[in-house]
Structure formats: C-alpha cells, structure tokens
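# Chain and residue survey
Single-letter residue listing:
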Amino acid sequence: MKKYGVNDLRRMFLEFFESKEHLRANSFSLVPQNDKSLLLINSGMAPLKAYFTGQEIPPRKRMTTCQKCIRTGDIDNVGKTSRHGTFFEMLGNFSFGDYFKKEAIAWAWEFFTKVLEIPADKLYVSVYEEDDEAADIWRLQEHVPAERIIRMGKADNFWEHGLGPCGPCSEIYFDRGEKYYQGDDFEAGAEADRYVEIWNLVFTQFEKMESGEYVPLQFPNIDTGMGLERLACIMQDELSIFDVDTVKAIRDEVCRLAKATYKEDEQKDISIRVITDHIRSVTFMTSDGILPSNEGRGYVLRRLLRRAARHGRLLGISGSFLSGLAEKVIATSHQGYPELKEKEAHILKVIAMEEERFAETIDQGLGILQDYLAETKAEGKDTLDGAKAFKLYDTYGFPLDLTIEISAESGIKVDEEAFKAEMQEQRERARAAREETNYMGAKETVYNKLPIEVANCFIGYTNLQAAEEIVEITCGEEIVDRAETGETITLFVKNTPFYATSGGQLADKGLAKTETGVMEIVDVKKVVGNNIAHIGKVVSGYIQKGQLADLTVDSENRFATAKNHSATHLLQRALKNVLGEHIEQAGSSVSAERLRFDFTHFQPVTKEELELVEKEVNRKIAEGLEIVIKEMPIDEAKKMGAMALFGEKYGDVVRVIDMGGYSIELCGGTHLTNTSQVGLFKIVSEASVAAGVRRIEALTSEGAFEYLKAEETKLKEIAALVKSDTHQVGTRIEQLLEEIKELRLKNEQLSAKLSGGAAEELLSKKEEIGNFEVLLAETPDMDANALRELGDNLRSKLKGGIVVLASSKDGKVALITMAGDEAIKAGIHSGNIIKAIAPIVGGGGGGKPQMAQAGGKDAEKIGEALVHAKEVIQKQLA
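So, here's what we can say about the structure.

### Digging into the overall build of the protein chain
For the protein chain, the count of helices and strands is 25 helices and 34 strands. Taken along the three principal axes of its C-alpha coordinates, the protein chain extends 110 × 80 × 55 Å. Per-residue burial over the protein chain gives 49% buried out of 878 residues. Long-range contacts, defined as pairs at least 24 residues apart, comprise 67% of the intrachain contacts of the protein chain with a sequence gap of at least 6. As displayed, the protein chain offers around 41200 Å² of accessible surface, 48% of which is attributable to carbon and sulfur atoms. Mean positive and mean negative side-chain charge positions of the protein chain (110 and 142 charges, respectively) differ by 3 Å.

In structure tokens form, the structure reads like this:
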C-alpha cells in the first residue's frame, strides 16, 4: 500500500467528501458551545449535536469535518502503552436526514479501496446482529464476502446515550496479517492486534423513549468517525500512534532534548510518550483560548502541562522546554489548523509562563513534602496521610508518583487509597457542578417546544423600527395565544430590529406596540433553535399571537452601547500595541453604561502602560477614523489582518469592522460610523480576574465625563479638608503624612516608657506555680499590639516566663499568653490556655506553645478568665 502522511490523509478525506456534495467545515473549538454536558469536545459529532437533535438547522444536510478532540479518562495509561493518548483528530462525514446506509457504506468502501487503494481482501466489517439491512448492503452492494461480515451484539455495535437518538453501527477493520494471530476467532484476533478497527459508521435511525421502546426516526441520520492517527498507523504500517509522521516529529524532538534514544529504556519511553502526547493537547487547548487554572478546562490544561514538565525532569531535561516543543506541534499541524499559526505568540507565552510557575510551585511542594515527612516520623508513623498527598497534588501540582518516590527514600509509604478517595470526592464535586441534565447538558425549557428558526432574522443593523407579525408568545413555561397587562412574557417575530445579547454586547431595549397593548422589552436573547426571544412585560392592554407589532428599539441606549463597543475594538488594538501581540480577548461585556474587556496577559499592567493605552485610544477617537463595515469571505478578511475571537465558529462569509485600518476585527455587533462619536475614553479599573487574565473597565462619552466630574468634586472636597487648593493638595497631604509619622513615633516612644513602668509595677504581682514564676494580670486601655509588647517585656524578667495578660479598650477585650522554653518543656502550651479562657470573655483565638492571643467582647468577665487561666496552668504543670 502507498504510504500517506497525516496531513495528506486529512486533506484526502475532506476533499473526497466534498466531491460527494458535503460542506467541508473547519474543526470546531475544543470548548463546547451551548453544551453543558461536556468539559471538552471529545468526538467528531459532539459539536454537531444540535443538528442531530433538530434544535438547530445545519448549514447543509451533508457535512464533513476533521475535529480536534481531547479525552483524559485514560490519562494514567498515557505513556504506559503505545496506543493511549489524550489528543486525537477525528475524521467524519455526517448526514442530517439526507442519505443513509447505502450511501454511507458505499462511500466508506470507495474511500478505502479506490482513494487509499487498500486491498479489499484486507478489510473486514462488523454489523449489529439484528441489522440485516446493513449486512445485505455490505454483501450485495459492495460484494464483501459473508465470512468477512461479523455480526456483533448491542455492547459493540449499537450506539446510544441514554434517551434520545440512537441506532446500530457498522465498523470497518483492517487485517494486519497472520503474524499477529492465526486462529479463526475474530474477537481474539482483534485483541491480538491482527484486526484493527478503523472507521465506525453510526446509523442513527431510532429515538429511545422513556418506556425503553425504540421508535423509528422520520429522517434518520449518519454519523461516522475515524481516528486520523489510527488511519495513519495503517497507511504507514506502524503499530503505535507515536510512530506516525507528525507525532514522531514531536517524539524525536523530545528525544533530542533529553539526549535519549527511543525504545532503549522502557521507563524513559514512558516519559517520552507522555510529553509527546500532552504537548499536543496543551498546544491545541491553548490555541482555543483555554488558560491554566484550578477548575474545569483550565485544570485539565494545567494538569497536562505540569505532567509533561514533570516527565521532562525525569528525563533530565534542564530548564523550560515545553514552549519550544509547542513550536514543533504548530509546525507539523498548522496546515489543518491555521489558528495554531495565527495564535502562535499567545500559545508560546501561556505555555512558558505556566511552566515557569510550575517550576516555582514544585520547589515549594518539595519543601512542604519534607515537612509532612518529618511530622509523620515524629508521630511514629510509617505512612503519609493520603489527604496530605492530595493537597500537594491539588494545590501545588505535585504528582503522586513523585510524592511516593521521595517518601520511599525516607522509608515512608503513602496512603494511596486515601489519596484516591480524596480524588473521587473532587470528581464528584465537579460532576455535580456540571449538572448532568439532558443530551445537550441543559434543562428543557418552554423554548424547546417551539419550532426551530421561526423567528431568527436580525434586521437591526440599518433599522431601529419594524412592523412584524407575532408568531409565538410564551408566558412562564407555557406557549400562549394571549398575554394580559402585568404578565412577563417572551415574544417572537420573524424579523427583528432588536439586537440579542451575543459577542459580549448586551441586548437592545425598547417597545412592542399592537392595536390592543404595549410590551416593554427589557432583554433579548437567542434561545434553542436559533430563535430570538424578546423578553419583557405587558404594560398596558393585551398582546395576542397573530397581531402586527410595531417594534421600536431605544435609540439612545443603542447609540450609547455602540460607543462602548467601538471603543472596545480600539482598546484591544491599543493593548496589543503597548503590551504586545500576545494579547487576546478572553471575554467582554458591552452595555450602554460601560465596557469591560478581559484579555490574556501574565503580569499586572503598570500605571504607565495604562496611561499609554488610554492616550492611544483617545488619540484615535480624536483622529475621527471612519468605521467601515463590510461582509466578505473569511479568507479575504484574514488577508486584511482581521482579528478573530477564540472559540468562535465563523462561516464562509464574515462581517468585518474596519476602523481606518487601525483596528480590523470580525464582529457581529452594532457600531458607530466614525471613532469621533465615542467622544472620550476613560479607564476606571484594571485587575486580575484569573491566572493569566486581566480585566479593564472603562467609560466613554457622557459616562466618562460624569466620572471625571465626580472625581473633580472629590478632589475639591479633599482639598477643603486639608486646607489647600486643588493644585497643591498632593503636597499638602504629603506634609500631613509626615507629621502623622512623627507623631506616631513619639507616641510609640512614650508607650514604651509607660510599658516599662507598667512592667515593673506588674512584676510585683507575680506568683509561683511549681518551679515557675507566673504573672496573671489585667491592664487597662491597651490594644493587642501594646499588650504583646508588654508581654515580651515581662516574659524576659520571669523565671520560666509564663505570662497571661488581659485588657479592654473601646469595648473590646484582648488576651495574650506567653511562655518560655523551659515552661514549654514542662507542659505549658499558650495556645491551649487561650482556647480555654477566650470563650469566657465571649471570644476565640489560639496560637503556638510560645505565644497565643485572642479577642473578646465581655470585659466584665476578664477576672473570671484570669482565674481559670491559673487553673489551666496548674493542670498543665501537674
């Protein structure tokens, strides 16, 4: 057979199905859209669920994709075998109620035997044991001998996911030859790697009901999936995914960095395979805007990256190396995934920063582990608590295998069962947080009952008014024909001038008037089936289905929102110019009142940098750049340098917002016609919202003017308080701060003198308990700091140094206990004393054997607390 590379096979598959009138779609993002049932896309059909369920109308009834996928269920096996991996590409062709078994089987056979020229006698097929139709098509239409058609049971050849669409499937196997297995048992041969499953054709022809009945679908679907790397293994005559060309290139680079030869040392091979696989996942996840964090997708990314970094250390690779490996991933895969090249600077920056952070935390983790081991030995135990091992893993990214290895060097075992129990609890919490619901991971609502795409046309770019027939009304969880005054309803019309919340821009507001009533529209959103829902309340009369409604958008609200949206585009370009091209949008919220922009950056933005950004945006506003909005093919837009958002799925034709060539972005929002209409731009805050993500909040136009006016008013008020004019207020405040500093120093010196005198007076009240001098006393009007300073003074002058002091000031009680080393050896524990007496004064606290403190609120019981303190001391010394 002719050998083909991974990139060639991907291209050949997609071109073949294009020739069969399929729409060739780019891979969807790894981040699921409108699907709460998945953390990451894990199959070719996952992003197409809404088309299969009928919730959305597909762009064409025939589609083909090569989908990037990630599965981490077998992560512990990655590296240990040559076939497990977390990242893979899934080839697929799909029919949404168009062709069915005859065509799907015919084209699969044609692609294998004619395009790839795989010998027909090397191919076997399996069918569901009750699917005579598929078996007959294989035998009669494609002339596959009956002995090479294997019938299998429901567990192997019937696809279903709870209730909903399901059906039998047929799999195509490649025969690697008798050198792997010589018997007649097909399943045993498959286990022995002789028969390798390559392509699964799913015939979605039933709807599984709650009763367990399988009801035939009126329009059955086709969903096929073929792992690209596995196909490459067949075409390149390799057993392992780590030996196919694009993956091998990464593997070879790992070996070069580690100065190791593959297949010479099994332990090293495990690490080589782990790094090779994980860097692929990490690179693709980062290209889709996922950032390392401690939860959700970000946690998966962090875990994969740190696992790869850890195995780099095991191989002896010094320093950071993963961003360099990511460059190899980009070089080998950008033909199929151009976003890798487009986001290269961002990808490399994120990976480098996270690897550097891991280097710091793993060193910190080593120190904590040594403390844990010392504690374990001191307690006379030979096993480290699994909860502590899990904390190291969860908080510091410290791998369990490393904890086990280092612990063993100290003769300590690790309670792995307790560790696993902690891990299971975390998984259950995550599962609960995901709210397992229906097939799409979302709760059914009244909107699921509506026909799809009956009310989904937005005409508001050029129109703020329209007269449209009301096609549907919902109230609560019911579809209704009429709504009365005071009822909150959702209204649907075929064409609407109202912008629905999307792309970070909040919805329009306005009114819907009929001949019988008025509805105030307060929100607009896209719901199931791509319908546009107008949400609000009937404020007078009644609204009825079928009536003609005059729809009017609040023009002032729309214009103010457009100012903030256009300013957001200027802000993103200015951030890239000032901070670097690694800046990518990580979220935004644009309303009439303000704008919020989240972006990827890995350190605080300095005051000087913020000033430069703000100045550049205002300069572009002042220049009065014309804002040109055009629709064009996506390839043409990319040639112009148009910026795209992470995770967005764009069609062949896109909407481009061009602000005088300064900022060019793909965007579906509403905008101004000239940057001068923004008026003024003012940044009001900048902060971190997640690891590697910063947030800027800003105001424009009247909002900015009002903000500056309020700031000016505050400045005048401050100037009046410090008896200065506004121009000299800074200097005046500096003078006052210096005076306060001098007064504080004098106060501390005076307090020290008084404390010394008070100490001498209090020492006369000391008493002896056992072999130690003990002082229990109340001192008036001292806060915790002064009390602690006095306690230090007293402890140094007492034999054994046992001090219990109490004071009340401004209605608050302060308690402090101190003890010297000899007293501690004799059994004194300041923390336990405080725990015993603090509740008496209505407080709580604690501390170490040497010193402890607490607060309280019942000053009348200080005497009782001191009496009890003496009792506790006597017991500790007994």
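### Considerations on the sheet that holds strand β32 (residues 812-818)
Judged by pairing direction, the sheet is mixed, and its six strands sit side by side in the order β29-β30-β31-β32-β34-β33 without closing on themselves. At either margin of the open sheet sits one strand with a lone partner, and together these are β29 (767-769) and β33 (844-847). The average angle at which neighbouring strand axes cross in this sheet is 20°, direction not considered. Judged from the four bridges that link them, β33 and strand β34 (residues 851-856) form a sheet pairing that is antiparallel. Its bridge partner lying in β34, Gly-846 is registered against Gln-853. Against the sheet, helix α24 (residues 830-837) touches β31 (802-809), β32, β33 and β34, its axis set at about 150° to β32.

### Side note on α24
Along α24, the residues that are buried comprise Ser-830, Gly-831, Ile-833, Ile-834 and Ile-837. Taken around the axis of α24, the buried residues stretch over an arc of 160°, which confines them to a single face. Looking at the buried side of α24, the elements it contacts are β31, β32, β33, β34 and α25 (862-877).

### What to know about the pattern of salt bridges
Taken as a whole and judged by the stated rule, the model has 50 salt bridges. Where Asp-136 meets Arg-139, a salt bridge forms, and the shortest distance between an N and an O atom there is 3.4 Å. Taken together, the residues Asp-136 and Arg-139, both in helix α4 (residues 132-141) and three residues apart, mark about one turn of the helix. The exposure class assigned to Asp-136 is partly exposed, which follows from its relative accessible area of 33%. Judged by relative accessible area, which is 38%, Arg-139 ranks as partly exposed. Salt-bridge contacts for Asp-252 lead to Arg-251; the nearest nitrogen and oxygen are separated by 3.3 Å.

### Topic: the environment of Gly-844
Here Gly-844 shows up in strand β33. The class for Gly-844 is partly exposed, based on a relative accessible area of 45%. Linking Gly-844 and Tyr-173, residues 671 residues apart in sequence, is a C-alpha distance of 70 Å. Leave out the neighbours within four places in its chain, and Gly-844 touches Ala-838, Ala-854 and Gly-855.

### Let's talk about the packing of helix α1 (residues 6-18) against helix α3 (residues 101-115)
Close contact between α1 and α3 brings their axes to 11 Å; oriented N to C, the two are set at 130°. On the basis of the axis angle, α1 is oblique to α3. The way α1 lies across α3 gives a crossing that is right-handed. When α1 is examined against α3, the residues Met-12, Phe-13, Phe-16 and Phe-17 are found in contact with a partner set consisting of Trp-107, Glu-110, Phe-111 and Val-115. Class assignment for the residues of the contact of α1 with α3 results in seven nonpolar, no polar and one charged.

### Quick look at the side chain of Glu-665
Mapped onto the elements, Glu-665 comes out in strand β26 (residues 663-666). Despite its burial, Glu-665 pairs with no opposite charge, the nearest such side chain being Arg-573 at 8.1 Å. In this structure Glu-665 touches His-569, Gln-572, Met-643, Arg-655, Val-656 and Ile-657, once residues within four positions along its chain are discounted.

### Brief notes about the layout of surface pockets
It is a probe the size of a water molecule, rolled over the atoms, that shows where empty space is left. Reported here for the second largest pocket is a volume of approximately 900 Å³. Asp-76, Arg-307, Pro-399, Leu-400 and Asp-401 are the residues nearest the centre of the second largest pocket, which is lined by 35 residues in total. Of all elements in the fold, only α9 (266-287), α10 (296-314), α13 (344-378), α14 (386-396), α15 (400-409) and α16 (416-434) reach the threshold of two or more residues within the lining of the second largest pocket. Top contributing element to the lining of the second largest pocket by residue count: α10, with eight residues. Residue classes in the lining of the second largest pocket are distributed as 14 nonpolar, eight polar and 13 charged.

### Examining a nonpolar patch on the surface
A surface patch of nonpolar side chains, amounting to about 320 Å² of accessible area, comprises Ile-718, Ile-733, Leu-737 and Ile-740. Here the nonpolar patch takes three residues from helix α21 (residues 729-763), the largest share from any one element. Note that Ile-740 resides in helix α21.

### Side note on the packing of aromatic side chains
For the coordinates displayed, the defined rule picks out 31 aromatic pairs. Centroid distance Tyr-124 to Phe-186: 5.7 Å. Interplanar angle 40°. Geometry classified as tilted. In this pair, Tyr-124 sits in strand β4 (residues 123-128) while Phe-186 sits in helix α6 (residues 186-191), placing the two residues 62 residues apart along the sequence. The exposure class assigned to Tyr-124 is buried, which follows from its relative accessible area of 14%. Site record: aromatic cluster; members linked through ring pairs are Phe-13, Phe-16, Phe-17, Phe-111, Phe-112 and Trp-199. Positioned over the ring face of Tyr-542 is Arg-482, at 3.6 Å from the centre of the ring.

### Description of the pairing of strand β28 (residues 693-700)
Of all eight residues making up β28, six are buried, and the element is well covered by its neighbours. Here strand β23 (residues 595-600) runs beside β28; their pairing, made up of six bridges, is antiparallel. Considered in β28, the bridge of Phe-599 is made with Arg-694. Alignment of strand β27 (residues 681-690) against β28, held across eight bridges, turns out to be antiparallel. When the bridges of β28 are listed, Ser-685 appears paired with Glu-697.

### Quick word on the nonpolar core
Judged by nonpolar contacts, the single largest core of 108 residues is most densely connected at Phe-112, Leu-116, Trp-138, Trp-199 and Leu-322. Looking at this core element by element, the count peaks at nine residues for α13. Beyond its immediate stretch of four places on either side in the chain, Leu-322 contacts Ile-275, Ile-279, Leu-305, Ala-308, Ala-309, Ile-351 and Glu-355. Formed by 28 residues, the second largest nonpolar core is a distinct cluster that contains Val-605, Ile-621, Ile-627 and Met-659.

### Observations regarding the packing of α9 against helix α11 (residues 322-333)
α11 packs onto α9 with a crossing angle of 75° between their chain directions and a minimal axis gap of 9 Å. As summarised for this structure, α9 and α11 are arranged roughly perpendicular, according to the angle between their axes. Only Leu-322, Leu-325, Ala-326, Val-329, Ile-330 and Ser-333 of α11 make contact with α9, whose side of the interface consists of Ile-275, Ile-279, Arg-280, Thr-283 and Phe-284.

### So, unusual backbone geometry
Excluding glycine, residues mostly have negative phi values, and the peptide bonds linking residues are mostly trans. One non-glycine residue, Lys-259, adopts positive backbone phi at about 50°. Counting through the fold element by element, Lys-259 comes out in the loop between α8 (245-258) and α9. The exposure class of Lys-259 is exposed, given its relative accessible area of 77%. Although it is not a glycine, Lys-723 sits at a positive phi angle of roughly 55°. Summarising the element assignment, Lys-723 is placed in the loop between α20 (701-721) and α21.

What counts and what doesn't
Residues numbered from 1 in each chain as written. Predicted model: local features only at pLDDT ≥ 70, side-chain atom pairs only at ≥ 80, totals over all residues. Heavy atoms only, no water. Helix = DSSP H or I, 4+ residues; strand = E, 2+ residues; numbered from the N terminus. Buried < 20%, exposed > 50% of the residue type's maximum accessible area, 1.4 Å probe, protein only. Contact = heavy atoms within 4.5 Å. Areas by Shrake-Rupley, 256 points an atom, 1.4 Å probe, with all protein chains shown as cover. Lys, Arg positive; Asp, Glu negative; His and termini not counted. Charge placed at Lys NZ, Arg CZ, Asp CG, Glu CD. Pairing = 2+ DSSP bridges. Axes fitted to C-alpha atoms, helices over the stretch in contact; angles between N-to-C directions. Arc of directions from axis to C-beta. Salt bridge = Lys/Arg side-chain N within 4 Å of Asp/Glu carboxyl O. Parallel < 35°, antiparallel > 145°, perpendicular 65-115°, else oblique. Left-handed = near helix turned anticlockwise from the far one by under 90°. Nonpolar A, V, L, I, M, F, W, Y, C, P; charged D, E, K, R; others polar. 1 Å grid on protein atoms, 1.4 Å probe; cavity = no way out; pocket = protein on both sides within 12 Å on 5 of 7 lines; lining within 4 Å. Points joined across faces, edges and corners; volume = space filled by probe spheres on them. Patch = residues over 30% accessible without salt bridge, like charges linked within 9 Å, V, L, I, M, F, W, Y side chains within 5 Å. Phe/Tyr/Trp six-rings, centres within 6.5 Å; stacked < 30°, edge-to-face > 60°. Lys NZ or Arg CZ within 6 Å of the ring centre and 35° of its normal. Core = buried A, V, L, I, M, F, W, Y, C linked by side-chain atoms within 4.5 Å.

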